[in-house]
Amino acid sequence: MNAPAKTEDFAIQAPAGVFVETVTSVTHYTERLFRFRMTRPQEFRFRSGEFAMIGLMVGDKPIYRAYSVASPAWDEELEFFSIKVPDGPLTSHLQKIRPGDQVLMRKKPTGTLVLDALVPGRRLYMFSTGTGIAPFASLIRDPETYEKFEEVILTHTCRDVAELKYGFDLMDEIRNHEFLNEIVGDKLRHYATVTREDYPFKGRITDLMINGKFFADLGLPPLDPAIDRGMICGSTAMLKDTKEILEAAGLTEGANSKPAEFVIERAFVG
């Protein structure tokens, strides 16, 4: 099967207890990255930062993978930001979807990158690499984030400059949004770096934190467990290294059941 089904048979084949939603738009950023939006079931509720299991019928069986919901909880549609894996069981098909196609979604969202998993603080750091920016795309467009924090720092590290565009598009959207612009104001800062091309901000975010350039560029003091909070989503190595940096600064990892100073999303590792 080379593309998702477009017929009424799709809904008939879909497993019980699964939403069947319609793709409304698709944006291809690079050969490796794309965004898609789809209809949102009226009864689907989630907290900004959570992920859902997204799937397609491939042959006669459904294939699912975990995808952070990139749209905020108030949005009438659902947005997702995906990598393209040529031989991926799901993404090799998902990257070919077009408006009008149908996508499966399991009904229960979950995840650790939620505001409820953090104890109160003043400054929130969101550390991301690649498509790890997706849950933060949800959170930076949620007014509750700015009710709980005076300052929000979104970091996004990719290999190439072209892969940063989704993050810059998010910032433009917020600046031009009728009510988000007023709510966010100057509370949100965006720090984008690349590892393989020349760019004003170059290097792994963890290296830039360790050598102090990250904090110097933003005019911020070192991490302080009394006021700083963190969220981490990215590659395995990035999660490990960032966790070590935060713990060395005195921050403790939290969870939904035990809020603390930082949280990690591990659902996409492996």
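This text follows the structure it describes.
Computed from a predicted structure; not experimentally measured.

Caption draft 1: Structural context of a nonpolar patch on the surface. Nonpolar side chains collect at one region of the surface, where Trp74, Phe179 and Ile183 lie side by side and expose about 240 Å² of accessible area between them. On the secondary structure map, Ile183 appears in helix α6 (residues 180–184).

Caption draft 2: Seen up close, the pairing of strand β3 (residues 51–58). Among the eight residues that make up β3, seven are buried, leaving the element largely enclosed by the rest of the structure. Sheet analysis places β3 next to strand β6 (residues 102–106), joined by two bridges and oriented antiparallel. Considered in β6, the bridge of Ile54 is made with Met105.

Caption draft 3: The packing of aromatic side chains, seen in detail. Counted under the stated rule, the structure contains 16 aromatic pairs. With 6.0 Å between their ring centres and 25° between their planes, Phe34 and Phe36 make a pair best called stacked. Overall, Phe34 belongs to the buried group, its relative accessible area being 0%. By relative accessible area, Phe36 is classed as buried at 0%. Taking 5.0 Å as the distance between ring centres and 75° as the angle between the ring planes, the aromatic pair formed by Tyr191 and Phe214 counts as edge-to-face. A residue pair is termed long-range when its members are at least 10 positions apart, and Tyr191 in strand β9 (residues 188–194) and Phe214 in helix α8 (residues 213–218) qualify at 23 residues. Put simply, the rings of Tyr125, Phe127, Tyr191, Phe201, Phe214 and Phe215 pair up and form one aromatic cluster. One residue, Lys107, lies across the ring of Phe19, its end atom 5.0 Å from the ring centre.

Caption draft 4: Up close: helix α5 (residues 165–176). Compared with an ideal rise of 1.5 Å per residue, which puts 12 residues at 16 Å, α5 spans 16 Å between its outermost C-alpha atoms and is within 8% of the ideal. Along α5, the residues classified as buried are Tyr166, Gly167, Leu170, Met171 and Ile174. Relative to the axis of α5, the buried residues are bounded by an arc of 145° and lie together on one face. Structurally, α5 contributes buried residues whose contacts are with β2 (33–39), β5 (77–83), α3 (134–139), α6 and β9.

Criteria and thresholds
Residues numbered from 1 in each chain as written. Predicted model: local features only at pLDDT ≥ 70, side-chain atom pairs only at ≥ 80, totals over all residues. Heavy atoms only, no water. Patch = residues over 30% accessible without salt bridge, like charges linked within 9 Å, V, L, I, M, F, W, Y side chains within 5 Å. Areas by Shrake-Rupley, 256 points an atom, 1.4 Å probe, with all protein chains shown as cover. Salt bridge = Lys/Arg side-chain N within 4 Å of Asp/Glu carboxyl O. Helix = DSSP H or I, 4+ residues; strand = E, 2+ residues; numbered from the N terminus. Buried < 20%, exposed > 50% of the residue type's maximum accessible area, 1.4 Å probe, protein only. Pairing = 2+ DSSP bridges. Phe/Tyr/Trp six-rings, centres within 6.5 Å; stacked < 30°, edge-to-face > 60°. Lys NZ or Arg CZ within 6 Å of the ring centre and 35° of its normal. Expected span 1.5 Å × (residues − 1). Arc of directions from axis to C-beta. Contact = heavy atoms within 4.5 Å.

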